[in-house]
Amino acid sequence: MLWTIDPARDEPLFTQIAAQVRAAVSAGELHTGDRLPPARVLASSLDVNVHTVLRAYQDLRDEGLVDLRRGRGAVISAHPDYTALAAPVAALVDAARTAGVSPAVAVALLQNAFHQNPED
Amino acid sequence: MTALATPVRTPVPHRLSSTLLGLVLPVALLAGGALVALSWRDELPDPVATHWGTDGPDGFSSFGGALAPLLLGLVLCVGAWAMAFWAGRDGAMRRIAVATSAGLGTLFALILLGTLSAQRGLADAAQAPGVGGTIVGALLGALAVGIAAALLVPRDAPLPTSARVDPDAPRVPLSATQRAAWSRTVTAPAAVVSAVVAITASVVLVVALGAWPVLVVPVILAALLAVTLVWRVTVDDKGLQARSLVGWPTVRVPLDEVERAAVVDVRPLREFGGWGYRLGRGGRSALALRAGQAVEVHRTGGRVLVVTVDDAATAAALLNTLADRARA
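Residues numbered from 1 in each chain as written. Chains lettered and ligands numbered in written order. Predicted model: local features only at pLDDT ≥ 70, side-chain atom pairs only at ≥ 80, totals over all residues. Heavy atoms only, no water.

Under an unreviewed UniProt entry, chain B has the name DUF1648 domain-containing protein and belongs to Cellulomonas gelida.

Under an unreviewed UniProt entry, chain A has the name GntR family transcriptional regulator and belongs to Cellulomonas gelida.

Below, the structure written as structure tokens:
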């Protein structure tokens with residue numbers, strides 16, 4: 001998969017890296033069992049510290065998207081169907097842009113919607 | 001028509017070393033083997049044993065017939081040397097061809113000398129002892145000479161270019177501050193199948209013959225195939241790299257030697273005569289692990305490297321983009 005990071009953006013690099021994995025899973029590019037590049041390899045390719053990549057992989061492990069095992073590296077684990085969200089998320093982004101709503105506000109609205117309708 | 005510059009075909013480099021290591025050395029070994037065998041001629045039984053079954057020798061031939069395999073060895077060595085001499089633009093390809101030639105020369109010479117030396121002084125070739133040890137020794141000797149020759153083959157000199165990548169070649173949109181990399185693994189299904197077949201067959205053969213020392217053959221086969229089963233292909237600001245998941249070997253094109261990259265469809269058997277790290281027509285080298293899409297990298301010095309991998313379009317586009325950016 002294609003990995004891009006932008007040091008000029010405010011978002012920390014490890015967040016950007018984790019976001020790429022989530023996006024690739026949601027786009028159906030990465031599947032359960034797929035192996036992510038070793039942290040050392042990806043860090044060298046993107047010219048970042050290896051701990052930055054490890055931090056991203058650890059965050060993904062904490063949310064249950066990645067299995068981190070010594071000797072096996074990072075592997076996409078069994079996870080909810082992220083691809084189901086791809087179309088609605090794209091629609092939300094489109095709608096926000098059309099309406100001139102900023103990304104921060106759109107995200108806040110989305111969070112609020114989750115809080116308003118908590119799962120029982 | 002796109003205005004692609006016709007690649008300048010630079011002459012194949014290092015022809016002298018390819019000839020010394022890939023032709024002179026193996027021919028000397030084969031000739032030396034023949035001469036030593038000739039010096040033993042009076043001590044050898046007539047006919048001599050040339051083939052062994054489960055219960056000792058089961059095939060016999062005249063002294064001249066026993067030397068005939070050297071001719072096969074010669075043909076194979078000359079063939080491998082010719083590949084290095086005429087198609088060896090790529091250092092790795094030259095190394096493989098030269099090592100094959102030097103190793104085969106050693107193998108044929110040692111097997112001849114090993115089987116004949118055991119028959120010196122015998123009245124009847126049927127009394128010749130088993131050859132398991134000779135075969136293992138010859139294989140290990142061939143491996144050692146092949147590796148030594150490979151190490152002596154000169155590497156490619158760096159050949160950077162500052163020419164811009166063809167503007168019509170595919171690109172990835174990247175902002176000036178963005179860093180990008182692409183990485184993907186590719187598995188060789190043919191290698192898995194052939195690994196299982198070859199290893200099973202040789203183990204069965206070893207058990208059937210009871211030639212336990214020859215067990216080294218399936219072990220070497222298994223090791224060779226294991227390192228070529230799964231590869232990780234990476235494109236980043238250093239260029240393109242394909243590395244076996246074991247960590248060795250590695251195939252690499254530095255970014256400053258990339259002229260352009262494109263997507264091609266590869267049929268390994270038809271275009272490269274098989275799977276693995278192969279040489280195709282026109283000196284095109286390939287890491288052909290499966291049929292289907294591949295990145296084709298045109299490299300300075302008239303070299304072309306093809307790597308079969310999924311999502312090759314992104315890999316090629318990123319390679320073009322990064323190469324161009326480094327030369328801006």
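Having seen the structure, we can now continue with the description.
**A short note on the overall build of chain B**
Across its full length, chain B holds nine helices and 11 strands. Its C-alpha atoms put chain B at 85 × 40 × 30 Å along the principal axes. Considering chain B as a whole, with its 328 residues, one finds that 47% of them fall into the buried category. The centroid of the 27 positive side-chain charges in chain B is displaced by 8 Å from the centroid of its 21 negative side-chain charges. (Helix = DSSP H or I, 4+ residues; strand = E, 2+ residues; numbered from the N terminus. Buried < 20%, exposed > 50% of the residue type's maximum accessible area, 1.4 Å probe, protein only. Lys, Arg positive; Asp, Glu negative; His and termini not counted. Charge placed at Lys NZ, Arg CZ, Asp CG, Glu CD.)

**Remarks on the overall build of chain A**
Secondary structure assignment for chain A yields five helices and three strands. Its C-alpha atoms give chain A principal-axis dimensions of roughly 45 × 35 × 25 Å. Here the analysis covers contacts within chain A between residues at least 6 apart in sequence; of these, 49% occur between residues at least 24 apart. When the accessible area of chain A is evaluated, it comes to approximately 7,400 Å², of which 55% is carbon and sulfur surface. Charge centroids of chain A, computed over 10 positive and 14 negative side chains, lie 10 Å from each other. (Contact = heavy atoms within 4.5 Å. Areas by Shrake-Rupley, 256 points an atom, 1.4 Å probe, with all protein chains shown as cover.)

**Comments concerning the side chain of Arg327 of chain B**
Residues and elements named next belong to chain B. Here Arg327 is to be found in the segment after helix H9 (312–326). Despite its burial, Arg327 remains without a salt bridge, the nearest opposite charge being carried by Asp324 at 5.8 Å. At 2.8 Å, the side chain of Arg327 forms a polar contact with the backbone oxygen of Leu255. Those residues within four positions of Arg327 in sequence are excluded, and the remaining contacts are Thr161, Ser162, Ala163, Arg164, Val165, Leu255, Asp256, Glu257 and Val258. (Salt bridge = Lys/Arg side-chain N within 4 Å of Asp/Glu carboxyl O. Polar contact = N/O pair within 3.5 Å; in protein donor to acceptor, adjacent residues only side chain to side chain.)

**Concerning the confidence of the model for chain A**
Confidence in the prediction for chain A averages 92 pLDDT; 98% of positions are at 70 or higher. Put simply, strand S3 (residues 73–76) of chain A is where chain A has its lowest mean pLDDT, 90, and helix H3 (residues 50–62) of chain A is where it has its highest, 96. (pLDDT = per-residue confidence, 0-100.)

**Some details on the sheet that holds strand S5 (residues 239–244) of chain B**
Spatially, the five strands line up as an open sheet ordered S1(A)-S3(B)-S4(B)-S5(B)-S6(B), and their pairing is antiparallel. Lying at the two open borders of the sheet, with one neighbouring strand each, are strand S1 (2–5) of chain A together with strand S6 (250–254) of chain B. Ignoring which end each strand starts from, the neighbouring axes of this sheet average 15° apart. Against the sheet, helix H2 (residues 39–46) of chain A touches S1 of chain A together with strand S3 (179–187) and strand S4 (230–236) of chain B, its axis set at about 145° to S3 of chain B. Packed on one face of the sheet, H9 of chain B meets S1 of chain A together with S3, S4 and S5 of chain B and runs near 145° to S3 of chain B. (Pairing = 2+ DSSP bridges. Axes fitted to C-alpha atoms, helices over the stretch in contact; angles between N-to-C directions.)

**Some words on unusual backbone geometry**
Of note, the bond from Asp46 of chain B into Pro47 of chain B is cis; its omega dihedral lies within 30 degrees of zero at 0°. Considering the arrangement of structural elements, one finds Pro47 of chain B in the loop between helix H1 (15–39) and strand S1 (48–53). Of note, the bond from Trp248 of chain B into Pro249 of chain B is cis; its omega dihedral lies within 30 degrees of zero at 0°. Looking at the element boundaries, Pro249 of chain B is found in the loop between S5 and S6. With a phi close to 55°, Asp47 of chain A is a non-glycine residue in the positive phi region.

**A word on the sheet that holds strand S10 (residues 292–299) of chain B**
Residue and element names in this part refer to chain B. Sheet architecture is open: five strands sit in the order S7-S10-S11-S9-S8, paired in mixed fashion. Either end of the sheet is taken by a strand with one partner, and the two such strands are strand S7 (258–266) and strand S8 (276–279). Across the sheet, the mean angle from the axis of one strand to that of its neighbour is 20°, orientation sign disregarded. Across eight bridges, the pairing between S7 and S10 is antiparallel.

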